[in-house]
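Results of the structural survey
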Amino acid sequence: MAERAALEELVKLQGERVRGLKQQKASAELIEEEVAKLLKLKAQLGPDESKQKFVLKTPKGTRDYSPRQMAVREKVFDVIIRCFKRHGAEVIDTPVFELKDFDIAGNFDPMIPDAECLKIMCEILSSLQIGDFLVKVNDRRILDGMFAICGVSDSKFRTICSSVDKLDKVSWEEVKNEMVGEKGLAPEVADRIGDYVQQHGGVSLVEQLLQDPKLSQSKQALEGLGDLKLLFEYLTLFGIDDKISFDLSLARGLDYYTGVIYEAVLLQTPAQAGEEPLGVGSVAAGGRYDGLVGMFDPKGRKVPCVGLSIGVERIFSIVEQRLEALEEKVRTTETQVLVASAQKKLLEERLKLVSELWDAGIKAELLYKKNPKLLNQLQYCEEAGIPLVAIIGEQELKDGVIKLRSVTSREEVDVRREDLVEEIKRRTGQPLCIC
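Now for a description of the structure that goes with this document. (Residues numbered from 1 in each chain as written. Predicted model: local features only at pLDDT ≥ 70, side-chain atom pairs only at ≥ 80, totals over all residues. Heavy atoms only, no water.)

Moving on, we get to helix H13 (residues 374-384). Among all positions of H13, only Gln377, Leu378, Cys381 and Ala384 are buried. Considered in projection along H13, the buried side chains sweep an arc of 135° and stay on one side of the axis. Facing away from the buried side of H13 by more than 90 degrees, the exposed set consists of Leu375 and Glu383. Close packing links the buried residues of H13 with strand E10 (337-341), helix H12 (347-359), strand E12 (388-392) and strand E13 (401-406). With its phi angle positive at about 80°, Gly385 sits one or two positions after the end of H13. (Buried < 20%, exposed > 50% of the residue type's maximum accessible area, 1.4 Å probe, protein only. Helix = DSSP H or I, 4+ residues; strand = E, 2+ residues; numbered from the N terminus. Arc of directions from axis to C-beta. Contact = heavy atoms within 4.5 Å.)

Let us now look at the pattern of salt bridges. The final tally for this structure, using the stated rule, is 22 salt bridges. Across the pair Glu334 and Lys363 runs a salt bridge whose closest N-O atoms are separated by 2.6 Å. Remark: Lys363 occurs in the loop between H12 and strand E11 (364-365) and Glu334 occurs in the loop between helix H11 (312-325) and E10; sequence separation between them is 29 residues. The class for Glu334 is exposed, based on a relative accessible area of 53%. We note a salt bridge from Arg405 to Glu412, for which the minimum N-O separation is 2.8 Å. A relative accessible area of 15% places Arg405 in the buried class. For Glu412, a relative accessible area of 37% puts it in the partly exposed group. Where salt bridges share partners, they join Asp114, Arg288 and Asp290 into one cluster. (Salt bridge = Lys/Arg side-chain N within 4 Å of Asp/Glu carboxyl O.)

Our focus in this paragraph is the packing of aromatic side chains. The final tally for this structure, using the stated rule, is three aromatic pairs. With a centroid separation of 5.8 Å and an interplanar angle of 70°, the aromatic rings of Phe77 and Phe316 are classed as edge-to-face. Here Phe316 lies in helix H11 and Phe77 lies in helix H3 (residues 67-86), a separation of 239 residues in the sequence. Judged by its relative accessible area of 3%, Phe77 is buried. For Phe316, a relative accessible area of 1% gives the class buried. Positioned above the aromatic ring of Phe133, the side-chain terminus of Lys243 is 4.6 Å from the ring centre. (Phe/Tyr/Trp six-rings, centres within 6.5 Å; stacked < 30°, edge-to-face > 60°. Lys NZ or Arg CZ within 6 Å of the ring centre and 35° of its normal.)

Following the criterion strictly, the structure yields zero disulfides and no others. Looking at Cys122, it has no disulfide partner, and the nearest cysteine sulfur is the one in Cys83, 10.0 Å off. For Cys122, a relative accessible area of 4% corresponds to the buried category. (Disulfide = S-S within 2.5 Å.)

Next comes the structure, spelled out in structure tokens:
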């Protein structure tokens, strides 16, 4: 235990060094060298007996966002974080708020963690309400086995993989021409590949391919198909099998994938009035990478891993364009109410009221001017997405009331001052959606 605690402390210190180098904008070579050291230290920890789930926050270059863009990002990340934590994730290595990856590490029975990753992906995309989606799944072992029985040489596996992966964007004829004309594949080999990679379906396709006389000659392919059949059983129990498609054209370009791979795509753009088509493609992806962590372990211990990554930038673009097309306002602040004045010389009254609201736990603010114009105060609320305005006027002070205005409906009601806190809480008690 003491040795593990010491290793955990070294991991923590090395993580801080990596973050420091990134903040200092050190050279890419130096950062990569220190990241490699960090991964080696983490590999030395080895897997615990308990299930390990972790979220990796991925640092990005700094960028200036408008208040509207920041509000959209915060709401999207809130959905992602809540889902990750609901599945028992522990957040690690967290220098910036770019959380988008979820991984499960350790030796477990086949396909259980893989199925949970797909469940998480579906939960997040459903919660974000960005449109209908489909998650394509395949297995690198099936691909490798298929290429082998079709006659592709080992040296061409990865380059042919990259061509096949384009089938969601271009026609089969274009893909075939690239494989034959640019990559030197024999036409008859390309035709045999085409017979497989143009197929997609559900568990029935998996069962069909298990009986395929050629593909069944490949031990790799049979292992992959067996795991996919089991995966579909778990996905049915999770209630998401209708969102999943076994797609033999899915290849995923990264060499470190060793088993199941998956990618979520929007089936169609959000079909609401006034919206323009949003050609954003994949919005999430992932897979199993059992050999990657072991590459950095000096003892060569293998740590099986499976994970997913959410395409947050693409999701941001969908949400922002939708709001823009519908001319919807985005809340750029969590402020629930602005304390405003209808006439001059009421700064003291505004300060007293905003203090009362703060003390009651209400998120309130006021403009930092002695005598702001009422119109300017109302416009500020509209721009920032503040839902309510508490207006103080000379007549309201005499009557012991506050005029409470809804920014969206522009409806105004007089509320007794002693009832104001309760009324604001009543009106702002509902959770906000991301749009």
